[in-house]
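Take a look at the letters that make up each chain.
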Amino acid sequence: MDRITEQKRQAGEYAASLITDGMIVGLGTGSTVKFFIEKLAERINREGLDIVGVTTSRQTSSLAKGWGIKLKSVDEVPAIDLTIDGADEVDTNLDGIKGGGAALLFEKIVALNSKRNIWIVDQSKYHDKLGQFPLPVEVVPYGSHQLLKRFEAADMAPTFRRLPDGQRLTTDAGNYIIDLHLAVIEHPQALAYYLEQTIGVVEHGLFLNVADAVIIGGEKLVVIERENIENH
Ligand SMILES: O=C[C@H](O)[C@H](O)[C@H](O)COP(=O)(O)O
């Protein structure tokens, strides 16, 4: 296992130790969450925990089902106690970019219906400012080429997310993803507002003020709580 994968495993497995009996748990998407789900399934079987999972993608649903985790949709539960999810980039305010796995829309819906959100990442994703990771924007297919031209005109270096065969990727909700190659995002709130006002944009990958804590794998595991951040 390479260093990054090992850090993902470490963060994911630690997150599984935070789940307690009776919880309704949001299950994020991605390679880090995979370690969390595997460890959680192990605990459910070994300790007989009564856990209900709420998934954020088809990929996670099939993974969790494979491990025998009981699942409900976000609309079938009163609220989610805790969601564990990955992130593509996290800054020192615990704001983040998500959607590298194209699951941003359902991830945001699950996150906003969760009492608490914890992200699990490896060290390479923790930066002073966001933007090194291209910002995913989920868009309605109709008019999406016009939207791409609009982002081009705004110097946002947009590209349609494509599958290896060159076809445009379609999300679980049937939309396209446009990735914005911004290099650095100086004003995340303003950018989020601009995208939210843009017709045709369904959702964007800026998750601002969402994570309550971030677990960073590494030689020494680091847990950063939002309430302990200076400018919180
Ligand atoms: O759409 C995908 C999600 O936002 C993932 O949580 C994110 O891409 C991180 O994935 P990974 O743990 O595979 O790096």
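Treat the numbers as computed from the prediction; the structure is a model and nothing was measured.

Trainee: I'm lost on the sheet that holds strand S5 (residues 89-91) in this one. Help?
Mentor: Whether parallel or antiparallel, the strands of a sheet pair through hydrogen bonds between backbone atoms. Reading across the sheet, the 4 strands line up as S8-S5-S6-S13 and stay open at both edges, with mixed pairing between neighbours. Two strands in the sheet have a free side with no partner beyond their single neighbour: strand S8 (126-127) and strand S13 (206-207). In this structure, S5 lies alongside strand S6 (residues 96-97), joined through 2 bridges in antiparallel fashion. Looking at the pairing, Glu89 lines up with Ile97 of S6.

Trainee: How should the nonpolar core be read in this particular structure?
Mentor: Nonpolar side chains tend toward joint burial in soluble globular proteins. Counting residues in each nonpolar core, the largest one holds 55 residues, and the members touching the most others are Ala15, Phe36, Trp119, Ile120, Val121, Ile178 and Val214. Viewed by domain, this core spans two of them, domain 1 (3-126 + 208-227) and domain 2 (135-204), each represented by three or more residues. Residue contacts for Val121: discarding those within four places in its chain leaves Ala11, Thr32, Gly86, Ala87, Val90, Tyr126, Val214 and Ile216.

Trainee: What exactly am I supposed to notice about the pairing of strand S2 (residues 52-55) here?
Mentor: One face of the sheet, then the other: side chains in a regular strand alternate in exactly this way. In this structure, strand S1 (residues 24-27) lies alongside S2, joined through 4 bridges in parallel fashion. The residue bridging Val25 from the neighbouring strand is Gly53, located in S2. Bridging between S2 and strand S3 (residues 70-71) involves 2 bridges; their strand directions are parallel. Residue pairing in the sheet places Gly53 in a bridge with Leu71 of S3. The parallel pair S2 and S3, bridged by helix H3 (residues 58-66), forms a crossover whose chirality is right-handed.

Trainee: Any chance you could explain the domain arrangement of the chain here in plain terms?
Mentor: Bring the parts together and some accessible area is lost; that lost area is often taken as the interface size. Taken domain by domain, the chain holds domain 1 (3-126 + 208-227) and domain 2 (135-204). Counting residues at the interface gives 12 residues for domain 1, matched by 14 residues for domain 2. Broken down by element, the residue count for the side of domain 1 that touches domain 2 peaks at 4 residues, all from helix H4 (residues 104-112). Residue composition of the side of domain 1 that touches domain 2, by class: 6 nonpolar, 3 polar and 3 charged.

Trainee: Mind showing me how you'd approach the UniProt feature "active site" (unreviewed entry) in the chain here?
Mentor: Annotation from UniProt places "active site" (unreviewed entry) at Glu107. Mapped onto the fold, Glu107 is located in helix H4. Those residues in contact with Glu107 that sit more than four places away from it in its chain are Gly28, Thr29, Thr56, Asp85 and Lys98.

Trainee: Explain H4 to me, please; I cannot follow it from the model alone.
Mentor: Residues spaced three or four apart along an α-helix face the same direction, because each turn holds 3.6 residues. Of all 9 residues in H4, 7 are buried; the element is thus mostly enclosed. Residues Leu104, Leu105, Phe106, Glu107, Lys108, Val110 and Ala111 constitute the buried set of H4.

Trainee: Sorry if this is basic, but what is going on with the confidence of the model for the chain here?
Mentor: Low pLDDT means the predicted atomic positions in that stretch should not be read closely. When pLDDT is averaged across the chain, the result is 97; 99% of the residues are at 70 or more. Taken together, the chains of this predicted complex give a pTM of 0.97 and an interface ipTM of 0.98.

Trainee: Explanation requested: the packing of helix H1 (residues 3-16) against helix H2 (residues 31-47) in the structure shown.
Mentor: Between two packed helices, what matters for the description is the angle formed by their axes and the separation of those axes. Interaxial distance between H1 and H2 falls to 7 Å at its minimum, and their mutual angle equals 40°. The angle between H1 and H2 falls in the class oblique. At the point where H1 passes H2, the crossing takes the right-handed sense. The residues of H2 that touch H1, namely those facing Lys8, Arg9, Ala11, Gly12, Glu13, Ala15 and Ala16, are Ser31, Thr32, Val33, Phe35, Phe36, Lys39, Leu40 and Arg43. By residue class, the composition of the contact of H1 with H2 is 7 nonpolar, 3 polar and 5 charged.

What counts, and at which threshold
- Residues numbered from 1 in each chain as written.
- Predicted model: local features only at pLDDT ≥ 70, side-chain atom pairs only at ≥ 80, totals over all residues.
- Pairing = 2+ DSSP bridges.
- Helix = DSSP H or I, 4+ residues; strand = E, 2+ residues; numbered from the N terminus.
- Core = buried A, V, L, I, M, F, W, Y, C linked by C-beta atoms within 7 Å.
- Buried ≥ 20, exposed ≤ 12 C-beta atoms within 10 Å, placed from the backbone.
- Domains from an automatic or database assignment.
- Contact = placed C-beta atoms within 7 Å.
- Right-handed = clockwise from strand over helix to strand, strands pointing away.
- Nonpolar A, V, L, I, M, F, W, Y, C, P; charged D, E, K, R; others polar.
- UniProt positions renumbered as here; feature names shortened; annotations may be inferred.
- pLDDT = per-residue confidence, 0-100.
- Axes fitted to C-alpha atoms, helices over the stretch in contact; angles between N-to-C directions.
- Parallel < 35°, antiparallel > 145°, perpendicular 65-115°, else oblique.
- Left-handed = near helix turned anticlockwise from the far one by under 90°.

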